[in-house]
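# Fold and contact review
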Amino acid sequence: MEIQREERERLLKELLAGRFPDAAGRFGPFGGRYVPETLMAAVTRLEEGVRTTLRSPEFERQLAAELRDWVGRPTALTHAPELGRRWGAEVYLKREDLAHTGAHKINNAIGQALLAKQLGAKRIVAETGAGQHGVASAAACARVGLPCTVYMGAVDVARQAPNVDRMRRLGATVVAVESGDQTLRAAIDEAIRDWVSDPEGTYYLIGSAIGPHPYPYLVRELQAVIGREARAQLLERGGLPDAVFACVGGGSNAIGLFHAFLGDRDVRLIGVEAGGRGTALGDHSATLSAGRPGVLHGNYSMLLYDDDGLIHETHSVSAGLDYPGVGPEHAFLKAIGRVDYVTASDDEALAALDECCEAEGILPALESSHALAGAKRWAKENPGARILVGLSGRGDKDMPILAQYPSRKENRDVA
Ligand SMILES: *Cc1c(COP(=O)(O)O)cnc(C)c1O
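Small disclaimer: the values here were computed from a predicted structure and weren't measured.

Attention now moves to the packing of helix α3 (residues 57–71) against helix α5 (residues 105–118). Where α3 meets α5, the axes come as close as 10 Å, and the angle between the chain directions of the two elements is 140°. Comparing the axis directions of α3 and α5 gives the class oblique. When you trace α3 past α5, the crossing you get is right-handed. Contacts from Glu58, Phe59, Gln62, Leu63, Glu66, Leu67, Trp70 and Val71 in α3 reach Ile106, Asn107, Ile110, Gly111, Leu114, Leu115 and Gln118 in α5. Looking at the contact of α3 with α5, its residues break down into nine nonpolar, four polar and two charged.

What follows is the structure, given as structure tokens:
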């Protein structure tokens, strides 16, 4: 989507002034609310609830207390001197891997669970792909005392057995979805169907900055704590970065990290999508880099679909990036040129994961390793830069997948 230069400048100013999403829930042409008539009342009620509750002193106090005492915030900002030496840069890592349940997803889950409680919901439904959002939702629902049903594609249930056990132990009901592609997209469809059947008593706890308005806004507000903390921590330690990197699946950790820096015009913001194993449709999940505009799961954004308009299956070594859509605010930030989006391949992410382990003693999630790979490439082209990388989660969950890819150390041990 081409937007003229002067128009881009005007839209960025409006964004910085807080005018997006607008009253229709749009970020420029993107976003909005494409839901069946049966859900319109629920979505409108949620928007009203978000408006009155999110900024109320009581809710802010509750959320701040949970983030501090239960999630473990603020998360650390870690200087990474050995990665810096190797890359020719000064590297800092924002450590969402240290948050409760192992990733940034908990910031959103506990925020929405508290909101649901305030709005009088009786039960919560959520979707999950690899299980990370399901685990975060199950934990948050246990914490606030609401029953939780998690929809998960049957294929994912089979390949993510440990996370299914974690969700069940945390008290959630896990429903294996046998329809559609039997992965994340089908799980979202099913969660929405459940919500439609009881929009009064059920709250849909969405896992990324996607879905109909007000979800992309709500999730961004709940994740923006990442960037607020990181920006303040960097200012205490010598100043703003030259560039900030985050991986982009649905886009929640990236929008959360980027938002505090949008007004810092000298700070480059770079989202890294999953380049997978190649550039053909079906071999990657690079929605912004290779997609086209369209409607999926209630909003208008960039998507991966074929020439017949059918949503296409995606591929990434990291399950959390394996989604054919992306949050509408990212589509907007790309269109106005404030954020650049690049890709990192499966192989680059795997190498970056090993390098981070070796150099800093930190096992990052495969998703986060895409951000590291993108940062490394940029650092080589921009020597001496000060770089912030969002480490969205820890890699312990990825051990079964990593077993298929021996580390360089194991290779050396064999040789
Ligand atoms: C789910 C997940 C992601 C991708 O989701 P976003 O909404 O794009 O942030 C990234 N990193 C980790 C560790 C995840 O669990």
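Back to the write-up after that little detour.
Here we take up the side chain of asparagine 107. Assignment of secondary structure puts asparagine 107 in helix α5. Given the relative accessible area of 1%, asparagine 107 is considered buried. Reaching out from asparagine 107, the side chain makes a polar contact with the side chain of arginine 73 at a distance of 2.9 Å. Sequence-distant contacts of asparagine 107, that is, excluding residues within four places in its chain, are made with Leu67, Val71, Arg73, Glu96, Leu222, Gln223, Val225 and Ile226.

Near the ligand, the surroundings consist of 17 residues, among which Lys105, Ser208, Gly251, Ser252 and Ser392 are the closest. The separation between an oxygen atom of the ligand and a polar side-chain atom of lysine 105 is 2.7 Å. The separation between an oxygen atom of the ligand and a polar side-chain atom of asparagine 253 is 2.8 Å. About the coverage of the ligand: the protein hides 97% of its 380 Å² of free accessible area. Here the shell around the ligand is composed, by residue class, of four nonpolar, 11 polar and two charged. No fewer than three residues from each of domain 1 (25–68 + 105–219) and domain 2 (73–102 + 222–414) sit in the shell around the ligand.

Moving on: the sheet that holds strand β5 (residues 123–128). Spatially, the four strands line up as an open sheet ordered β7-β6-β5-β8, and their pairing is parallel. The open sheet is flanked by β7 (173–177) and β8 (202–205), the only strands paired with a single partner. Going across the sheet, the axis of each strand differs from the next one's by a mean of 25°, ignoring polarity. Pairing geometry for strand β6 (residues 148–153) and β7, over five bridges, is parallel. Among the inter-strand pairings, methionine 152 is bridged to a residue of β7, identified as alanine 176.

Geometry of a packed helix pair, given as the angle between the helix axes and the separation of the axes. Look at helix α2 (residues 37–53) against helix α9 (residues 184–197): their axes get within 9 Å of each other, and the N-to-C directions meet at 80°. In terms of orientation, α2 lies roughly perpendicular with respect to α9. Across the interface between the two elements, Thr38, Leu39, Ala42 and Val43 of α2 pack against Ile192, Trp195 and Val196 of α9.

Definitions and limits used
- Residues numbered from 1 in each chain as written.
- Predicted model: local features only at pLDDT ≥ 70, side-chain atom pairs only at ≥ 80, totals over all residues.
- Heavy atoms only, no water.
- Axes fitted to C-alpha atoms, helices over the stretch in contact; angles between N-to-C directions.
- Helix = DSSP H or I, 4+ residues; strand = E, 2+ residues; numbered from the N terminus.
- Parallel < 35°, antiparallel > 145°, perpendicular 65-115°, else oblique.
- Left-handed = near helix turned anticlockwise from the far one by under 90°.
- Contact = heavy atoms within 4.5 Å.
- Nonpolar A, V, L, I, M, F, W, Y, C, P; charged D, E, K, R; others polar.
- Buried < 20%, exposed > 50% of the residue type's maximum accessible area, 1.4 Å probe, protein only.
- Polar contact = N/O pair within 3.5 Å; in protein donor to acceptor, adjacent residues only side chain to side chain.
- Near = heavy atom within 4 Å.
- Areas by Shrake-Rupley, 256 points an atom, 1.4 Å probe, with all protein chains shown as cover.
- Domains from an automatic or database assignment.
- Pairing = 2+ DSSP bridges.

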